[in-house]
Structure formats: structure tokens, C-alpha cells
Amino acid sequence: PAPTPGFPLPTKHTQQAYDPAANFTSKWTRADAKQIMAQSNPHVAPGENSMSPDVTMPEIPKDFPAMNEDVWVWDTWSLTDENANQISYKGWDVVFSLVADRHAGYGFDQRHWNARIGYFFRKTNADPAKDKWNYGGHLFLDNTSIGNTEWSGSTRLMQGNKINVFYTATTFHDVAERNAGGGGIAPDAAIAKALGNIHATKDGVTFDGFQHTKLLEPDGKLYQNKAQNPGFAFRDPYTFADPAHPGKTFMVFEGNTGGARGSYKCKQEDLGYAAGDPNAETVAQVNSTGAWFQTANVGLAVADNKDLTKWSFLPPILSANCVNDQTERPQIFIQNENGKNKYYLFTISHQFTYADGMRGPDGVYGFVGDGVRSDYQPVNNSGLALGSPTDLNMPANAPEGPDPRQNGRQFQAYSHYVQPGGLVQSFIDNVDGVRGGSLSPTVKMNFQGGVTEVDRSFGQNGLGPYGYLPTNVRVGGEGLY
Ligand code: FRU
């Protein structure tokens, strides 16, 4: 790409694949992420969107409908197989969402401390614009999961009517914290799974028989643990098969670089500037700012048995040291391009988790390479795939205290999840002051060759139906089709 005056060039990434077990971690560098600002318009009126329309999620109307009157709904995923296909089970589409009681006396921002996995179902041939998702309630019986709070994960249909729910078992120790929304004793986090049964009748979908197994806790070496940092992240398991390694099951998840908080120091490879780049920062400059507090990574683990009850850590596939502190809900999406499998790693991140000197929007970020572990090329050279409308010329805000002069839709949506066909679903957080807790209109993002583009011919000016998570593979049927 032609360099933007005043900005460094992005890092060169080969996209070369390595063995999944190899000791190579791709870097989302400061030079890469600086392209977000290089591609942003410095001259918009304050509070307008400064990002390219190609990476901007279309505006959600303020009068969006609630998906459910009794529960807030946020992070959501479909029933899938290990190749990211979305499964219609005996004529029903099924989705899983984090939910929290709307009537329990706490606010939407306290949802994390009260999160449970809920599920919704609807007829596969329903009209997504008219037919509501039916709420099936909590997936697990009360007090049966590992931990006392259920955070994000993924759900796989196995043989017959067996399903495996991979989830984050978060344990809060402080009831006051749950109600106040933070500040108390840090929670424990483990990655767990529950094997259970799915049942479908003409009336709908139910689940039972869940057996829970703790799978992984952070080791403190590759993945930071609570003793090293009370604000550590270890969550959001997503499992998948890799056609390049038949018979194996892998998992990506959100982590942080191992080691005590503050012990990490930025390295040249985290900065990623080309030698002699006149717009490069020096390692000493970056380390004088505290940017080393931000140490997100995308972790990788491999299953050691067919039951998927035993797992081993592998080195992270991506790190964002000195760039950003959270790379959440990672997923691997394999797409054939010109006869070759290209691996897209998508992960969500926030504006307030960027390191000093870095700026980007809330949204989904993407990376492409030739294998699960590769020298990932950030999409659009920056990593930003799709963000909420934001004036990046203004300083970062947190959702609890937005600057009134900012774009009112800077926190309109979060937790973007890329589905087959480039359909991207997310949940509504804050549309110009109206709080969400419901699924956003699904948008379509075309991506090919490491370039993404919002498809504004999809739906109405780029906004598809609310909570549109269609299925593309049918299992069972029993005359229901
Ligand atoms: C993303 C997220 C996930 C986590 C969940 C907790 O919105 O932060 O990383 O599992 O929300 O509510």
C-alpha cells in the first residue's frame, strides 16, 4: 500500500503456515494497528464517523426491538459442527446466548456478574424479519455448571443427539461484587465443557443430561493467571477441526501473555517497524509510556482424546503485546481462495483496551494466513474488519462514560461473530444513549484476499434482519421439512 504521510508502514507478514505445535506466535504489531489511524479521516466534523465505510457497521436505528422482554441478551453463537457450519436440527435453528435477568434490580452493565447461557430456537424456514426467536430458558440447571457464572463459548453437535457445550466457567467470590459490578475479589476462570443431549419435537427444542468437565486453567507460562494479574483474561473457547491435520480437534480462546502484570516489556517485534522507517517509534519510547501493560493473545489448545475431555496448551497463535489488552471470542473460519485454504482468525476488541499511543474502535478484527498457526496478515493491513461508527480523532471512551461529543453509535454493537457467507451478528450495547441487551441487525461483510468490505446492498442499506443466524446444514428431520 502507499504509505500515509506521517504514518509508518505496516509490518510485512508472509502468511506462511507453521506446525500448530511450533513455537511461533504471530504479532499484531503497533505498525499494523497504526494503519487504523492512517486509514481514518482526520478532517471529519467532531463526532462524525472517521472510518472508511468499508469497515464501518451501518447505523442501528434507536427504536430497535427487544429480542426478549425478560432477559438481556448479549454474546451469541449458533449450534455448529467442527467446520463452522450452522446446523438446523430436525427442522429447528438453535442459538445460544449469554443472558441476564432484566428484572432482578441490577443494570445492564452488571450483566457479566450474573451471566448464564440461555438458548433460543425457531423454525428453520421461519421469516427472519417477522418470526421471533423462542426463548428456551437457561441451558444448564441452576448450580450445576463449573463456577457460578457462565461466560461465552461455542456449541458443537456430536454423534446422534449429543452436543458439547464449551464455555467459560467464571467464579466470583464476592456477592457484593456481583451486585456492584466489579472492584471486589477477582474471579477465577476456567474453560469447561458440558456433554448433553438435544431433543426436538414439533413444539421446540430442549436439552438435558449435561455432564460438566473442567478442561483448562491458565498455566501462568503461556497464559497469564489470576495470581499474576487479577484482571487477566482466560475465556471464550471455540473448537474446530483443521483439514490440514485430520483427526485433531483444536480450540482457540482469549488469553493474556503469561507473567506477572507489568513484567512484560515491549520488544522490537511487537512494534514491527521496518528498518529506517521515519515514522517508527523506538522501543525505549514505547516502553516509557506503559504500553507494556497491554498483552492480549489468542490462545491455542489441542484435544488429547476423542472425548475432548483432556486438552494441552500450545503457544498462542497471535499476540497483541503493546497494542491491545483483549482479543475476545476468537474464531477460525477457513475459506477456499483460488484453490487454497485460507485461515481467517476473527476476534473482537474494544477501544478502551488499546495501549498508549494506539487508537481503534469497538468491533471485530481479522487476520489471514495459510494455517491455524501462521504469520498472520492483518485484514486491510490494520486488522480492523468492522467497527462501530466512531470519530477516531477524539480520545477513547469507555461504555460507562461516553463523551457526549462523540459519535452516539461508538458503542452501538459488540461481540461480533462471523457466520458462513460473511454474515456478522452482534449484540446492541448503546445506540445514542439507548441501552441494548438484544441482538443487532445482522450485517454482511465480504472478505477475500485479506480485504474486508461491508456489503451495503444487503438488507436495508446494509442492515439485515435482527438476530439473523441462518443455518446452512440440516441434520435429522423426521418429516418436519
Ligand atoms: C464479550 C465478553 C466475553 C465474555 C463475556 C462476559 O462481550 O467480554 O469475552 O465471555 O463478554 O459477559
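This text goes with the structure placed above it.
Fair warning: this is a prediction, and the values are worked out from it, not measured in the lab. (Residues numbered from 1 in each chain as written. Predicted model: local features only at pLDDT ≥ 70, side-chain atom pairs only at ≥ 80, totals over all residues. Heavy atoms only, no water.)

Draft legend 1. Seen up close, the site of the ligand. Around the ligand, the structure places Trp74, Asp75, Leu98, His112, Trp151, Ser152, Arg235, Asp236, Glu254, Glu328, Tyr414 and Ser415. At a separation of 2.9 Å, an oxygen atom of the ligand approaches a polar side-chain atom of tryptophan 74. Measuring from an oxygen atom of the ligand, one finds a side-chain N or O atom of arginine 235 at 2.9 Å. Against a free-state accessible area of 320 Å², the protein chains account for coverage of 96% of the ligand. Its atoms largely coinciding with the cavity grid, the ligand occupies the largest pocket. Of all elements in the fold, only strand S3 (71–80), strand S8 (149–157), strand S12 (235–241) and strand S22 (413–418) reach the threshold of two or more residues within the shell around the ligand. (Near = heavy atom within 4 Å. Polar contact = N/O pair within 3.5 Å; in protein donor to acceptor, adjacent residues only side chain to side chain. Areas by Shrake-Rupley, 256 points an atom, 1.4 Å probe, with all protein chains shown as cover. 1 Å grid on protein atoms, 1.4 Å probe; cavity = no way out; pocket = protein on both sides within 12 Å on 5 of 7 lines; lining within 4 Å. Sits in = over half its atoms within 2 Å of the grid points. Helix = DSSP H or I, 4+ residues; strand = E, 2+ residues; numbered from the N terminus.)

Draft legend 2. View of the packing of aromatic side chains. The tally for this structure, following the rule as stated, stands at 32 aromatic pairs. With a centroid separation of 5.5 Å and 75 degrees between ring planes, the pair formed by tryptophan 28 and phenylalanine 367 is classed as edge-to-face. Placement of the pair is tryptophan 28 in the loop between strand S2 (26–27) and helix H1 (30–38) and phenylalanine 367 in strand S18 (residues 363–369), with a sequence separation of 339 residues. Among the residues examined, tryptophan 28 registers a relative accessible area of 2% and is labelled buried. For the ring pair tryptophan 292 and phenylalanine 293, a centre distance of 4.5 Å and an interplane angle of 35 degrees mean the geometry is tilted. Under the relative-accessibility criterion, phenylalanine 293 is labelled partly exposed at 30%. By the ring-pair criterion, three or more aromatic residues cluster together here, those being Trp77, Trp92, Phe96, Tyr119, Phe121, Phe140, Tyr167, Phe207 and Phe210. Lying over the aromatic face of phenylalanine 108, arginine 111 brings its terminal NZ or CZ to 4.1 Å of the ring centre. Between the NZ or CZ atom of lysine 265 and the centre of the ring of tryptophan 292, over which it lies, the distance is 3.7 Å. (Phe/Tyr/Trp six-rings, centres within 6.5 Å; stacked < 30°, edge-to-face > 60°. Buried < 20%, exposed > 50% of the residue type's maximum accessible area, 1.4 Å probe, protein only. Lys NZ or Arg CZ within 6 Å of the ring centre and 35° of its normal.)

Draft legend 3. Here's a closer look at the pattern of salt bridges. Taken as a whole and judged by the stated rule, the model has 20 salt bridges. A salt bridge links glutamate 281 to lysine 34, with the shortest nitrogen-to-oxygen separation between them at 3.8 Å. Taken together, the residues span a long stretch of sequence, with glutamate 281 in the loop between helix H3 (268–271) and helix H4 (283–287) and lysine 34 in helix H1 at a distance of 247 residues. You can call glutamate 281 buried: its relative accessible area is 19%. Measuring nitrogen to oxygen at the nearest pair gives 3.7 Å for the salt bridge that ties glutamate 59 to arginine 409. Of this pair, glutamate 59 sits in the loop between H1 and S3 while arginine 409 sits in the loop between strand S21 (384–387) and S22, and the two are 350 residues apart along the sequence. (Salt bridge = Lys/Arg side-chain N within 4 Å of Asp/Glu carboxyl O.)

Draft legend 4. Molecular detail of empty space enclosed by the protein. Scanning the model with the defined rule gives 3 cavities of 30 Å³ or more in all. Of the volumes computed, that of the largest cavity is approximately 70 Å³. Looking at the lining of the largest cavity, its residues break down into 4 nonpolar, 8 polar and 1 charged. (Points joined across faces, edges and corners; volume = space filled by probe spheres on them. Nonpolar A, V, L, I, M, F, W, Y, C, P; charged D, E, K, R; others polar.)

Draft legend 5. Region of interest: the state of the cysteines. What the rule picks out here adds up to 1 disulfide. Note that cysteine 266 is cross-linked by a disulfide to cysteine 322, the S-S spacing being 2.1 Å. The sign of the -105 degrees torsion about the S-S bond sets the cysteine 266-cysteine 322 disulfide as left-handed. Within this pair, whereas cysteine 266 is found in the loop between strand S13 (249–256) and H3, its partner cysteine 322 is found in the loop between strand S15 (311–321) and strand S16 (328–337), the two being separated by 56 residues in sequence. This pair shows no difference in class: cysteine 266 is buried, exactly as cysteine 322 is. (Disulfide = S-S within 2.5 Å.)

Draft legend 6. Up close: the sheet that holds S15. Taken in spatial order, the 5 strands make up an open sheet running S2-S15-S14-S13-S12, and their pairing is mixed. The outermost strands of the open sheet, each flanked by one partner alone, are S2 and S12. Strand direction decides the pairing type here: S12 and S13, joined by 5 bridges, are antiparallel. Among the inter-strand pairings, arginine 235 is bridged to a residue of S13, identified as glutamate 254. (Pairing = 2+ DSSP bridges.)

Draft legend 7. Representation of the layout of surface pockets within the structure. Taken as a whole, the largest pocket holds about 1000 Å³ of empty space. Among the secondary structure elements, those contributing two or more residues to the lining of the largest pocket are S3, S8, strand S9 (162–171), strand S10 (188–201), S12, S16, S22 and strand S23 (423–431). Partitioning the lining of the largest pocket into residue classes produces 17 nonpolar, 11 polar and 12 charged. Roughly 510 Å³ of internal volume is contained in the second largest pocket. Lining the second largest pocket are 26 residues; nearest its centre among them are Met158, Asn164, Thr249, Lys306 and Leu308. Partitioned by chemical class, the residues of the lining of the second largest pocket number 8 nonpolar, 10 polar and 8 charged.

Draft legend 8. Highlighting the side chain of serine 40. In this fold, serine 40 is placed in the loop between H1 and S3. Among the polar contacts listed, one links the side chain of serine 40 to the side chain of serine 50, at a separation of 2.9 Å. The contact partners of serine 40, leaving out residues within four places of it in the chain, are Ser50 and Leu392. (Contact = heavy atoms within 4.5 Å.)

Draft legend 9. Representation of unusual backbone geometry. Unlike most non-glycine residues, leucine 308 shows phi in positive territory, near 60 degrees. Within the secondary structure layout, leucine 308 lies in the loop between strand S14 (295–303) and S15. Positive phi, normally seen in glycine, also occurs at asparagine 338, with a value near 50 degrees. Counting through the fold element by element, asparagine 338 comes out in the loop between S16 and strand S17 (340–349).

Draft legend 10. Up close: the environment of glycine 449. Tracing the backbone through its elements, the reader meets glycine 449 in the loop between strand S25 (443–448) and strand S26 (451–454). Judged by relative accessible area, which is 58%, glycine 449 ranks as exposed. In sequence terms glycine 449 and leucine 300 are 149 residues apart; their C-alpha atoms lie 24 Å from each other. Setting aside its immediate chain neighbours within four residues, glycine 449 contacts Glu337 and Tyr344.

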